[in-house]
Every structure is written in C-alpha cells, then in structure tokens.
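For reference, the chains in residue letters:
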Amino acid sequence: ITTAWAENEAILQKALDAGKLLAMARDEGAVRVIIKIDVPSIERLTAASNTFKVVTKTAKPDRQGALKADSELSMAISSTSNQVISNLQHLGTGFDVNHTYATMPLIAMSVTEATLNVLGSLPEVLTIVEDKLDRPLLNNTVGIIGAEDAWTDGYTGEGWYVAILDT
C-alpha cells in the first residue's frame, strides 16, 4: 500500500466519490462539500422537535415545549459542528465554512485536499458529498410535509397560495 493510499483510506470510506473530490480539490485548490456529522441522540432530538410541528384543530400548540425541543436539537448540532470546525482549525488545514445548519446535522464547506484527508479521519464525520446543484425533485413532497394528515383533519389549503423556491 502506498503512502498516498494509506493517507486517503479513511476518507475513501466516508466520501461517496472520494477520488473525484480529491482530484477536484487538487486541481482547483478547493471543492465545495456537504459533511454529515454524527450528532449524539439526533434521532431522539429530531423526533422531539417534530412532535410540535403539526397543529390540528383540536390540539393547541405547546410553544414552550416546541421552543425547548428546537433549542436542544440546535444546541446538539451546533456542538458537534463546532467540534469538527475546531479540529480543522487546530490542524491548520485550508477550509471555509459556507453554512452550518440548526436543524440538520450538516456542514457546508469549501475544503482543500488536505482538509478532505483530515475530515475522513474524524469520527464525527459520517459522510462527505460534493455540494453541487441538482435538478428539483417533487415526486415525494406530499409525504414529506404530511399533507395527507392535514387533508384528513379537514385542511384543504383553499384560499392560500404557496410558492417554495429552494435550489
């Protein structure tokens, strides 16, 4: 095994297309990536936050509970994000944080080849994918937003116009 292969082995396990990402970073100086991080108790925290997202005609919103659940989720994600960023700063690798997310365990970054190698070795990093534009997909949004539950509860959306532009 060559030294280069051994150094890149960890990232090859975590990146969807590690060879492509490493080559892009090498050729262009940096590559935009989205990093999925391992946030302790993320499933429980997300589920707790989501329980307050649907309001029905009979259930009154619990604003205090919602604020607490959202805050706990945000703090857990922020803590892990900060840990990853701190590790990168400590090692002096080249990167820019493009965006951190409050409700999703993701960090959008522009990173050098050296940073990709470091990210691949961090236990907090689950996956690394290229941050690129993709075509919009709308075939499963009814299930994602819980529309069928709203329709069952008698909500129709009549008289409202909604436009969501998110690319």
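Look above for the structure.
The residue count restarts for each chain, going from 1 along the sequence in the order it is written. For this predicted model, a pLDDT threshold of at least 70 governs which residues receive local features, and a threshold of 80 or more governs which side-chain atom pairs are given and counted, while totals over whole chains, interfaces and linings are taken from all residues. Note that the side-chain values use all heavy atoms of the structure and ignore hydrogens as well as water.

K.L.:
Explain the sheet that holds strand 2 (residues 95-100) to me, and be specific about the residues and the numbers.
P.N.:
In spatial order, the strands read 2-3-1-4; together these four strands make up an open sheet with antiparallel pairing. In the strand order of this sheet, the two ends are held by strand 2 and strand 4 (125-130), each with one partner. Strand-to-strand twist of the sheet, defined as the mean angle between neighbouring strand axes without regard to direction, takes the value 30°. Of the strand pairs in this sheet, strand 1 (residues 31-37) and strand 3 (residues 106-111) are connected by six bridges, and their pairing is antiparallel. Opposite Lys36, over in strand 3, you have Leu106 as the bridge partner. Whether two residues are in contact is decided by their heavy atoms, any of which lying within 4.5 Å being enough. Whenever a helix is involved, its axis is fitted only over the stretch in contact; in every case the axis is a line through C-alpha atoms, and angles between N-to-C directions fall within 0 to 180 degrees. Secondary structure elements are defined from DSSP: runs of H or I of at least 4 residues count as helices, runs of E of at least 2 residues count as strands, and each element is numbered from the N terminus. Sheet contacts for helix 2 (residues 18-28): strand 1, strand 3 and strand 4; angle to strand 4, the most-contacted strand, approximately 65°. In the packing of helix 4 (residues 63-91) onto the sheet, the strands contacted are strand 1, strand 2, strand 3 and strand 4, and the crossing angle to strand 2 comes to about 175°. DSSP-based pairing: two strands are paired if at least 2 bridges between them are found.

K.L.:
Explain the packing of helix 2 against helix 5 (residues 113-121) to me, using residue names and the numbers behind them.
P.N.:
Remark: helix 2 packs on helix 5, axes separated minimally by 8 Å, with the N-to-C direction vectors making an angle of 150°. What the angle tells us is that helix 2 and helix 5 run roughly antiparallel. Each of Leu21, Leu22, Ala25 and Arg26 in helix 2 lies in contact with helix 5, whose residues at this interface are Glu113, Leu116 and Asn117. Of the residues in the contact of helix 2 with helix 5, the class split is four nonpolar, one polar and two charged. Each angle is binned into one of four classes, with values under 35 degrees roughly parallel, values over 145 roughly antiparallel, values of 65 to 115 roughly perpendicular, and all other values oblique. Residues are grouped as follows: nonpolar covers Ala, Val, Leu, Ile, Met, Phe, Trp, Tyr, Cys and Pro; charged covers Asp, Glu, Lys and Arg; every other residue, Gly included, is treated as polar.

Note that all results are geometric; they support no functional claim without further evidence.
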